[in-house]
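The residues making up each chain are set out below.
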Amino acid sequence: MGTEKRKPFLEVLIRQRYLFLMSFPFLAWLFVFSYVPIWGWTMAFQSFRPGKAFGEQKWVGFDNFIALFADERFYMVLRNTLGMSLLALLVGYTVPIIFALILNEVRHQLFKRSIQTITYLPHFVSWVIVAGLVSKMLSIEGIINEILMSLHIVNEPVQFMQKERWFWGIVTASDMWKETGWNSIIFLAAIIGIDPELHEAATVDGAGRFRRMWHITLPGIRPTIMVMLILSIGWLTSIGFEKQFLLGNPIVNDYAEVLDLYVLNYGIKVGRYSYGTAIGIFNSLVSIILLVISNAIFKRTTKESVI
Amino acid sequence: MSGAAAGARRRRQGLAFYGFLYLFMILVSAITLYPFLNILAISLNDATDSMRGGIYLWPRVFTLQNYSAIFRFSNLLTAFQNSVLRTVIGTVLGVFAAAMIAFTVSRKDFVARRFVSVVLALTLYFSGGLVPVYMLLRDLHLLNSFWVYIFPGLVNAWNVFVLRSYMDGLPFVLQESAKLDGASDWRIFISVILPLCKPVLATIALFIAVGQWNAWFDTFLYNSGKPGLTTLQYELMKILQNTASQGGQTVRDQREMVGRISPESIRMAITFVAAVPIILVYPFLQKYFVKGLTLGAVKS
């Protein structure tokens with residue numbers, strides 16, 4: 001049996017050698033750069049010291065996690081992460097849908113395409129630049145303050161970037177400015193895919209523009225909406241730190257520090273590698289749990305699976 | 001009730017709706033474009049004059065001096081070189097790698113097809129996290145090295161899947177007839193598949209290039225100890241952060257003098273230089289990437 005099975009396999013191996021040669025070296029590559037770091041999770045259960053061999057490390061069990069959950073700052077960081085993630089989910093998900101619905105009503109093709117080109121632009125610009133633009137617009141002599149002053153909404157310029165309570169809002173609004181156009185692409189494509197006869201039939205039946213949006217367009221793009229929702233929920237805790245790092249400053253730090261920044265500040269910078277790894281594991285677990293739960297709900301309601 | 005009156009009312013409503021719609025879209029565009037036009041205007045304005053403020057869309061005292069001033073900072077030239085280099089090398093290698101893997105997983109007859117797909121897909125859902133990756137790169141001696149910009153992200157599963165779904169849409173007959181002519185799989189890939197995939201390859205190239213050009217965090221975390229490996233976005237980050245907030249967060253210790261001494265107009269000129277390659281390139285590729293993005297999302 002063994003020889004019988006091995007021979008065809010060898011044959012296949014030789015026949016498809018190019019296919020193997022074109023994929024397996026890259027798998028080895030992925031193994032090193034994506035899978036080996038998972039092995040690094042063992043650091044979270046050690047009192048890791050760089051330079052020592054794996055066998056020489058001291059094992060400490062769950063001590064790092066206990067220390068993490070005992071740290072008050074951790075809960076603050078967690079609050080910031082979830083707070084800004086939820087805002088990002090709420091805005092970064094609904095606004096592009098609405099934008100796509102509105103943009104779809106534009107009939108003039110050249111105008112429509114120009115709007116698309118313009119609104120996609122910020123997506124391609126780095127967060128470094130966007131953060132620079134945002135702080136400029138929101139500075140004391142910035143355009144926002146100038147407008148607010150001339151409308152007499154405020155009497156003196158607001159130092160937006162220095163106010164803790166503005167920070168989440170600023171991050172969310174910057175995100176909206178940068179990504180709304182881009183995120184609407186997928187919904188716009190789904191809208192265009194809807195059978196135009198449905199709209200014609202509804203128009204004949206006397207349905208107005210908004211009724212058609214509500215009863216035809218929205219249900220038509222429901223699958224896309226659901227998939228994007230599940231994916232965004234899975235990414236909830238991995239919002240990254242770029243925005244927070246670049247827009248934050250010491251004054252607003254209590255509202256700007258998110259999990260990854262916490263890892264950076266208390267894991268890498270001060271050399272508490274084990275502690276930093278424990279935070280990373282916690283982060284991954286939360287996002288996997290969220291993804292699985294949201295996918296299960298999705299499966300129950302639609303009998304489909306995203307993962 | 002006469003039909004003509006109802007029709008007229010409906011037309012009036014439609015007109016009001018479109019008026020509002022177009023106005024709204026113009027407003028959105030203005031909000032999107034204003035910051036860019038504003039920094040362009042400031043970067044073209046005399047540096048001392050800019051300090052008076054009040055520059056919106058047009059420079060008051062036109063000058064190109066701010067742009068020539070950039071050349072005085074030798075670290076910016078190094079940074080520019082490195083950014084260009086990492087963008088070119090990273091894009092070429094990344095596109096090629098993604099295309100090769102995508103080709104193998106698009107082949108229904110490939111025995112390891114599922115295995116390759118799963119190994120790829122898993123990387124989309126988890127990552128080791130900052131510290132383990134940092135330790136790995138340290139062990140591989142990739143810290144303070146140019147290759148840390150290229151190697152870790154070389155194989156991107158998302159790009160592979162976008163390419164794969166495009167290749168799935170190509171008729172398999174083409175490959176079969178090439179095979180009958182005696183072409184090897186490698187030949188088929190090079191002379192049949194790649195030429196047909198040009199639009200989606202352009203999309204992937206754009207995505208990778210933008211990611212490479214815009215990256216600053218890897219320089220910050222892995223290469224900040226070696227000034228010769230600095231990148232444009234990292235230098236810009238230091239300059240902008242420097243003036244945006246005085247005093248350091250724990251992670252922002254190393255600051256350079258460039259930011260403190262350079263007036264706003266010069267900073268805006270640097271910002272514009274860092275943004276302009278993308279602003280110039282992407283409108284030409286728009287029709288491709290919209291298609292590519294939609295394909296990838298539908299598939300996954």
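Every value quoted in this text rests on a predicted model; they were computed, and no experiment measured them.

## Re the overall build of chain A
For chain A, the count of helices and strands is 15 helices and 2 strands. For chain A, whose C-alpha radius of gyration is 25 Å, the value lies well above the compact-globule estimate of 19 Å for 307 residues. Considering only C-alpha atoms, chain A reaches an extent of 70 × 65 × 35 Å along its principal axes. A burial count over chain A gives 51% of its 307 residues as buried. Long-range contacts, defined here as pairs at least 24 residues apart, represent 66% of the contacts in chain A between residues at least 6 apart. Carbon and sulfur atoms make up 65% of the accessible area of chain A, which amounts to about 15600 Å² in all. Side-chain charges of chain A comprise 27 positive and 22 negative groups, with the mean position of each set lying 6 Å from the other.

## What to know about the nonpolar core
One finds Phe124 and Leu264 of chain A together with Trp216, Phe220, Leu221 and Phe289 of chain B to be the most contacted residues of the largest nonpolar core, which totals 101 residues. A total of 11 residues in this core trace back to one element, the largest contributor, which is helix α14 (residues 264-299) of chain B. In terms of domain composition, this core takes at least three residues from each of domain 1 (3-63) and domain 2 (72-299) of chain B. For Phe124 of chain A, the contacting residues outside a window of four places in its chain are Trp182 of chain A together with Leu206, Val210, Asn214, Ile278, Tyr282 and Phe289 of chain B. Core analysis: the second largest hydrophobic core is formed by 42 residues, Val105, Phe110, Leu120 and Ile208 of chain B among them.

## A look at a nonpolar patch on the surface
All names here are of chain A. A surface patch of nonpolar side chains, amounting to about 360 Å² of accessible area, comprises Phe9, Leu10, Leu13 and Ile14. Note that Ile14 resides in helix α1 (residues 2-15). With a relative accessible area of 52%, Ile14 lands in the exposed category.

## Digging into the packing of helix α2 (residues 17-39) of chain A against helix α5 (residues 113-125) of chain B
At their nearest, the axes of α2 of chain A and α5 of chain B sit 11 Å apart, and the two run at 25 degrees to each other. Here α2 of chain A is positioned roughly parallel relative to α5 of chain B, judged by the angle of their axes. Crossing geometry of α2 of chain A relative to α5 of chain B is assigned as left-handed. Contacts from Ser23, Phe24, Leu27, Leu30, Ser34 and Tyr35 of chain A in α2 of chain A reach Phe115, Val116, Val118, Val119, Leu120, Leu122 and Thr123 of chain B in α5 of chain B. Classifying every residue of the contact of α2 of chain A with α5 of chain B by side-chain character gives 10 nonpolar, 3 polar and no charged.

## Some details on the domain arrangement of chain B
Residues and elements named next belong to chain B. Structurally, chain B comprises domain 1 (3-63) and domain 2 (72-299). Taken together, the contact between domain 1 and domain 2 spans 9 residues of the former and 8 residues of the latter. In total, about 710 Å² of surface goes out of reach between domain 1 and domain 2, with carbon and sulfur atoms giving 80% of it. Among the residues domain 1 hides against domain 2, the three largest losses belong to Ile39, Ile42 and Ser43. Together they make up 54% of the total. At the boundary of domain 1 with domain 2, the tally comes to 0 salt bridges. The interface formed by domain 1 and domain 2 holds 3 residue pairs in polar contact (both at pLDDT 80 or more) in total. When contributions to the side of domain 1 that touches domain 2 are tallied by element, the ones reaching two or more residues are α1 (3-43) and α2 (47-50).

## Here's the deal with the layout of surface pockets
Regions of empty space are outlined by a rolling probe, equal in size to a water molecule, passed over the atoms. Each pocket or cavity is described by its volume, and for the second largest pocket that value is around 960 Å³. As for the second largest pocket, its lining consists of 31 residues, and the residues nearest its centre are Ala173, Met176 and Trp177 of chain A together with Ile31 and Thr32 of chain B. Those elements that place two or more of their residues in the lining of the second largest pocket are α4 (72-104), α6 (127-137), α7 (143-150) and α8 (164-192) of chain A together with α1 of chain B. Ranked by the residues each element gives to the lining of the second largest pocket, the list is headed by α8 of chain A, at 9 residues. Looking at the lining of the second largest pocket residue by residue, the class counts come to 25 nonpolar, 6 polar and no charged.

## Looking at the pattern of salt bridges
Applying the stated rule across the entire model yields 16 salt bridges over all chains. Between Lys178 of chain A and Glu179 of chain A there is a salt bridge; the shortest N-O distance is 3.3 Å. Here Lys178 of chain A falls in the buried class, since its relative accessible area comes to 4%. Across the salt bridge formed by Asp185 of chain B and Lys179 of chain B, the nearest N and O atoms sit 3.1 Å from each other. A residue is classified by how much of its surface remains accessible, and Asp185 of chain B, at 4% relative accessible area, is buried. For Lys179 of chain B, a relative accessible area of 39% translates into the label partly exposed.

## Overview of the environment of Ile129 of chain A
Examined against the element boundaries, Ile129 of chain A turns out to sit in helix α6. With a relative accessible area of 1%, Ile129 of chain A lands in the buried category. Distance from Ile129 of chain A to Phe20 of chain A, taken between C-alpha atoms, is 42 Å for residues 109 residues apart in sequence. The contacts of Ile129 of chain A, once residues within four sequence positions are left out, are Gln233, Leu236, Thr271, Ala274 and Ala275 of chain B.

## Things to note about the packing of aromatic side chains
Two measures describe an aromatic ring pair: the distance that separates the ring centres and the angle between the ring planes. For the structure shown, the criterion picks out 45 aromatic pairs over all chains. What links up through ring pairs into an aromatic cluster is the set Trp29 and Phe33 of chain A together with Phe146, Trp147, Tyr149 and Phe151 of chain B. Over the aromatic face of Phe17 of chain B sits the side chain of Arg209 of chain A, whose NZ or CZ is 4.0 Å from the ring centroid. Here the guanidinium or amino end of Arg272 of chain A rests over the ring plane of Tyr275 of chain A, the centre of that ring lying 3.9 Å away.

## Considerations on the environment of Met176 of chain A
Residues and elements named next belong to chain A. Of note, Met176 is situated in helix α8. Taking relative accessible area as the criterion, Met176 reaches 37% and is therefore assigned partly exposed. Excluding residues within four positions of it along the chain, Met176 makes contact with Val91 and Val95.

## Section: unusual backbone geometry
In this structure, His152 of chain A is a non-glycine residue whose phi angle is positive, near 60 degrees. Checked against the element boundaries, His152 of chain A lands in the loop between α7 and α8. Using a relative accessible area of 66% as the deciding quantity, one classes His152 of chain A as exposed. Residue His141 of chain B is not a glycine yet carries a positive backbone phi of 60 degrees. Position of His141 of chain B among the secondary structure elements: in the loop between α6 (130-139) and α7 (157-168). For His141 of chain B, a relative accessible area of 68% corresponds to the exposed category.

About the cut-offs
Residues numbered from 1 in each chain as written. Chains lettered and ligands numbered in written order. Predicted model: local features only at pLDDT ≥ 70, side-chain atom pairs only at ≥ 80, totals over all residues. Heavy atoms only, no water. Helix = DSSP H or I, 4+ residues; strand = E, 2+ residues; numbered from the N terminus. Rg over C-alpha atoms; globule rule 2.2 N^0.38 Å. Buried < 20%, exposed > 50% of the residue type's maximum accessible area, 1.4 Å probe, protein only. Contact = heavy atoms within 4.5 Å. Areas by Shrake-Rupley, 256 points an atom, 1.4 Å probe, with all protein chains shown as cover. Lys, Arg positive; Asp, Glu negative; His and termini not counted. Charge placed at Lys NZ, Arg CZ, Asp CG, Glu CD. Core = buried A, V, L, I, M, F, W, Y, C linked by side-chain atoms within 4.5 Å. Domains from an automatic or database assignment. Patch = residues over 30% accessible without salt bridge, like charges linked within 9 Å, V, L, I, M, F, W, Y side chains within 5 Å. Salt bridge = Lys/Arg side-chain N within 4 Å of Asp/Glu carboxyl O. Axes fitted to C-alpha atoms, helices over the stretch in contact; angles between N-to-C directions. Parallel < 35°, antiparallel > 145°, perpendicular 65-115°, else oblique. Left-handed = near helix turned anticlockwise from the far one by under 90°. Nonpolar A, V, L, I, M, F, W, Y, C, P; charged D, E, K, R; others polar. Buried area = accessible area lost by both parts, 1.4 Å probe. Polar contact = N/O pair within 3.5 Å; in protein donor to acceptor, adjacent residues only side chain to side chain. 1 Å grid on protein atoms, 1.4 Å probe; cavity = no way out; pocket = protein on both sides within 12 Å on 5 of 7 lines; lining within 4 Å. Points joined across faces, edges and corners; volume = space filled by probe spheres on them. Phe/Tyr/Trp six-rings, centres within 6.5 Å; stacked < 30°, edge-to-face > 60°. Lys NZ or Arg CZ within 6 Å of the ring centre and 35° of its normal.

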